[in-house]
Amino acid sequence: MSALDFVILIGSMLGIAIYGIWRTRGRRELNTYLKGDSKTAWFAIGLSVMATQASAITFLSTPGQGYLGGLGFVQIYFGLPIALIIIAAVFLPIFRRLNVYTAYEFLGWRFDTKTRLLGAVLFLLQRGLGAGLTIYAPSIVLATVFGWPLNLTIISSGLVVIIYTVMGGSSAVTLTQKYQLAVIFAGMVTAFCLVVMKLPAGLTFTDTFALAGGFQKINAVNFSTNIHERYTFWSGLVGGTFLMLAYFGTDQSQVQRYLSGASLREGRLGLMFNAVCKIPMQFCILLLGVLIFVFYLFEQPPLFFNATLSQYFAEHRSDQQLHAYEMDFNSIHTQANRQLEDWLKARHGGDRSAATAAFAAALSAHKQGEKIREEAAKALSAVNSRTTATDADYVFITFILQQLPHGVIGLLVAAFFAAALSSKAAELNALGSCTTVDFYRQIIKRDATDTHCVAVSKWFTAFWGLVAISFALYAHLVENLIQAVNILGSIFYGVMLGLFVVAFFIRRVGGTAVFWSALVSQTLVFVLYFTLTISYLWYPLIGCAACVILSIVLQTFLNGAGEKSEMRET
Amino acid sequence: MKRPRAVKSIAPEADDTGLPWLRTWKGVYLVVILHFVLWVTLLVALTDFFS
C-alpha cells in the first residue's frame, strides 16, 4: 500500500468513528444507549439493517464464492423478501407495541422467564460464535496487505472494534453505518468498473457471459429437487425464507436496528428497502467474482491466492517442489489461454465448430490446472492438516492488491474495514444489550438504574468482543467464511424461530411445552447436521417445524394431565 | 395448570404508508413480491441463455 492508500484508509475510518462518538457523547440513558434515540428515518434504518448483515465477509468472501461457484449462491436470498414482509406485517407491530429492548423480552411476556432465557441463550451462542467469523474477515485483509501474522491482526482489529462499540452504543452504530455503507458502495462500484475495464480488449459483454457460462459460473437458478444440492431455487425459497425470517425476526442484532425507528412506518419501509435491494446487491457482488474469474482466464493467477500458503509450502516442503507445481500450473494456464484466444477469434469469425473445439480444449486445460492446484493443496495438508482451508476468501483481496491502482486499494481496504466495523459493532452492541436486559437485569439486579445498566452493558459488550476474538483465532479451519456464517445460523436459527412462531401464532401453547420442545428440537438439529448430508438451508425449516409440532403435542399432553389432576382434586 | 398468556389482539394495520402511489401496506408488499418475481425471471433467463 502507498501513502495515498493509507491516507484514504485512515482518514475515512477515523473520520466516521470520531463523528459517531462525538455525536453520541455522554449518553447515559439505557433506552438511548441500547435502542438509539427512536427518531431514525426509514432510509437510515434500511441502510443500518443492510450494513448489519453485510459484514466484511460479504464483500471479501462473496466475490470468492462467485469466483469458485458462480452465481448460484444468490439463491440463498430468495426467501428474504417473503421473510421481511412477514416481519413487517406481524413481528414489528408487536415488538413496537410492547416497547421491548430485546426480542426475547417478548418471549418472557408471552411465555415465562425460562423460555425468554432460552431464546436469549440461543442468540448469544449463535451470534457470539458468528461474531468471531466477522472479526476474522478484516484480519485476512490486514495479514495480506501488511504481511503481519494472522493472529496478531485478529487480536488488534478485534480490540479496535470493541473500543469503538463500547464508546458509541446503538446510536453511534446507526449513525455511522450510513457513512460506512457509502464507503463500501464507493469501493465496490469502483472495483466492478475496474474489473470490467481490465478484461481483454476484444471480449464483448456477451463473450464474457458466454465464457463464464461455459465454465458453469452463470448458474444463477437451479430448479433441482435434490435436497443434497446446497443452493437450489427450492432450498433458497423455502429454507431461505425460514433462515431469513429467523435472522431478521429473532436475531437481536437486527431487531435492535429496526426498533430504533421513529414509527412503525419507518421500520416497515426500512425493511422493505432491504427486501427490494438485497438480491440485486448480492447478484452484483457475485458477478464481480465471476468477472474476476474471467479476468484470470486471460491473466496468470497465482497457484495459491493466499500468499501465506505458498510461503508455508516453501518453508515446510521444499522450494523446488513448489516451483515444480507452479511451473506446471503456469504452463497449463498458458495453454488454456491460447485456446481461449482461438475460441474468441473463431467466435467472432462465425466458425462455430472451431469455436466449440477450442472451448472444449480450454475447458480441459483449465480442469488440469485445477487438478494441479488440488495436488499442491494435498501436499500442503500432508505437512499440516490445519492449512487445508481453501483460499477462496483471498481471491478478491489478491486481485485488489495485484491489479488495482493506488488510491483504489486504499478505498477498498477502507470499504472492508467499514463493513467490519458496521456489522461487528451492531453484533457486539446486541450481545451486550441482550446479556444486560435478559440476564443481568432479569436475574442478578432487578432494581438496577439506567446509568448502572449502561455501564454493565459496556462491560458485557467488551466481554463478547473478547469471546469473538478467541473464536476468530480458530476461524481459519472453515471452508469459506460466507458459507460458515450461514451454516452456523442455520443450526441455531430454526429453533429460535420456532419459539417465536409458537408465541405469535399458536396461542394455546404455554411456556413449559415450548421450552422443552425447543431443547429437544435443538438436539435433533445437531444430530441431523452431523449425520445427514442435506443442504444446510433446510435446517432452519426442520428446527422450526420440530419445535412447533412438538410444542403442540406436548401442550396437548400437558392439558390432558392437567385436566386429570384437576378432576382428582375435585 | 398455569394457562399460557395469549398475545394481545393486534390492532388493524394502519394503511397510510405515506407513499404517493402506494397508499396501503398490502400494495407495498405486492410491489415487493412483483419485484422479486421479476428478478427471479431475469436470473432464470440469464442462466438458460448462457449455460
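Please read these numbers as outputs of a predicted model, since none were measured by experiment.

A. Just the overall build of chain B, in detail. When its secondary structure is counted, chain B shows one helix and zero strands. Within the span of chain B, comprising 51 residues, buried residues form 14% of the whole.

B. How the structure looks around the overall build of chain A. Helix and strand content of chain A: 21 helices and zero strands. For chain A, buried positions account for 55% of its 570 residues. Contacts in chain A between residues far apart in sequence, at least 24 positions, make up 87% of those at least 6 positions apart.

C. The domain arrangement of chain A, seen in detail. Domain assignment breaks chain A into domain 1 (3-17 + 63-296 + 398-565) and domain 2 (307-389). Each of domain 1 of chain A and domain 2 of chain A was reduced to a C-alpha centroid, and the two centroids are 35 Å apart.

D. Expanded view of helix H18 (residues 450-472) of chain A. Relative to the 33 Å expected for 23 residues at 1.5 Å per residue, H18 of chain A spans 32 Å between its end C-alpha atoms, a close match to the ideal helical length. Burial in H18 of chain A covers these residues: Cys-453, Val-454, Ser-457, Phe-460, Thr-461, Trp-464, Gly-465, Ala-468, Ile-469 and Ala-472 of chain A.

E. Seen up close, the environment of Leu-291 of chain A. Residue placement: Leu-291 of chain A occurs in helix H12 (residues 264-298). Contacts of Leu-291 of chain A, omitting those with residues within four sequence positions, involve Val-195 and Val-196 of chain A.

F. Spotlight on the interface of chain A and chain B. With 33 residues of chain A at the contact, the number on the chain B side is 25 residues. Mapped by element, the contributors of at least two residues to the side of chain A that touches chain B are helix H5 (80-98), helix H9 (205-214), H12, helix H19 (481-505) and helix H21 (539-569) of chain A. By residue number, the principal contributor to the side of chain A that touches chain B is H12 of chain A, which donates eight residues. Here the side of chain A that touches chain B is built from residues that sort into 23 nonpolar, five polar and five charged.

G. Local environment of the packing of H5 of chain A against H12 of chain A. All names here are of chain A. Viewed as axis vectors pointing N to C, H5 and H12 meet at an angle of 165 degrees, and their least axial separation amounts to 9 Å. When the interaxial angle is binned, H5 and H12 end up roughly antiparallel. Relative to H12, the crossing made by H5 is right-handed. Note on element contacts: H12 touches H5 through Leu-264, Gly-267, Arg-268, Leu-271, Met-272, Asn-274, Ala-275, Lys-278 and Ile-279, opposite Leu-80, Pro-81, Leu-84, Ile-85, Ile-87, Ala-88, Leu-92, Pro-93 and Arg-96. Looking at side-chain class alone, the contact of H5 with H12 contains 13 nonpolar, two polar and three charged residues.

H. Here's a closer look at the nonpolar core. Residues and elements named next belong to chain A. Core analysis: the biggest nonpolar cluster contains 184 residues, and Leu-84, Ile-292, Ala-414, Ala-415, Phe-416 and Leu-499 have the highest contact counts within it. Take this core: its biggest share by element is 19 residues, from helix H17 (residues 408-444). Taken domain by domain, the makeup of this core includes at least three residues from each of domain 1 (3-17 + 63-296 + 398-565) and domain 2 (307-389). With sequence-adjacent residues up to four places away left out, Ala-414 is seen in contact with Ile-8, Leu-9, Ser-12, Met-13, Val-183 and Gly-187.

I. Molecular detail of the confidence of the model for chain B. Residue and element names in this part refer to chain B. Within chain B, residue pLDDT values average 78, and 71% of them lie at 70 or more. When the criterion is pLDDT under 50, residues 1-10 qualifies, and its contacts beyond four places in sequence or with other chains add up to 17 contacts. This complex was scored by the predictor with a pTM of 0.82 and an ipTM of 0.81.

J. Molecular detail of unusual backbone geometry. Residues and elements named next belong to chain A. One non-glycine residue with positive phi stands out, namely Asn-99, at about 50 degrees. Locating Asn-99 in the fold gives a position in the loop between H5 and helix H6 (103-110). For Gln-216, which is not glycine, the phi dihedral falls at a positive 60 degrees. One can find Gln-216 in the loop between H9 and helix H10 (233-250). Judged by the 12 C-beta atoms lying within 10 Å of it, Gln-216 is exposed.

K. Representation of the confidence of the model for chain A within the structure. Residue and element names in this part refer to chain A. Taken as a whole, chain A shows an average pLDDT of 84; of its residues, 89% reach a score of 70 or greater. Here helix H2 (residues 30-35) is the element of chain A with the lowest mean pLDDT, 61, and H12 is the one with the highest, 94. Note that residues 563-570 has pLDDT below 50 and, in this model, zero contacts with residues that lie over four places away or in other chains.

L. A look at the environment of Gln-177 of chain A. Residue and element names in this part refer to chain A. Mapping Gln-177 onto the fold places it in helix H8 (residues 150-198). On the basis of neighbour count, Gln-177 is assigned to the buried category, with 30 C-beta atoms found within 10 Å. As for Gln-177 and Thr-52, which are separated by 125 residues in sequence, their C-alpha atoms are 8.2 Å apart. The contacts of Gln-177, once residues within four sequence positions are left out, are Leu-47, Ser-48, Ala-51 and Ser-422.

M. Inspection of the environment of His-348 of chain A at higher detail. Residue and element names in this part refer to chain A. Take His-348: it is sitting in helix H14 (residues 319-349). Residue His-348 is classed as exposed on the basis of its C-beta count, with 12 C-beta atoms lying within 10 Å. Along the backbone, His-348 and Asp-207 are 141 residues apart, and their C-alpha atoms lie at a distance of 9.3 Å.

Basis of the calculations
- Residues numbered from 1 in each chain as written.
- Chains lettered and ligands numbered in written order.
- Predicted model: local features only at pLDDT ≥ 70, side-chain atom pairs only at ≥ 80, totals over all residues.
- Helix = DSSP H or I, 4+ residues; strand = E, 2+ residues; numbered from the N terminus.
- Buried ≥ 20, exposed ≤ 12 C-beta atoms within 10 Å, placed from the backbone.
- Contact = placed C-beta atoms within 7 Å.
- Domains from an automatic or database assignment.
- Expected span 1.5 Å × (residues − 1).
- Nonpolar A, V, L, I, M, F, W, Y, C, P; charged D, E, K, R; others polar.
- Axes fitted to C-alpha atoms, helices over the stretch in contact; angles between N-to-C directions.
- Parallel < 35°, antiparallel > 145°, perpendicular 65-115°, else oblique.
- Left-handed = near helix turned anticlockwise from the far one by under 90°.
- Core = buried A, V, L, I, M, F, W, Y, C linked by C-beta atoms within 7 Å.
- pLDDT = per-residue confidence, 0-100.

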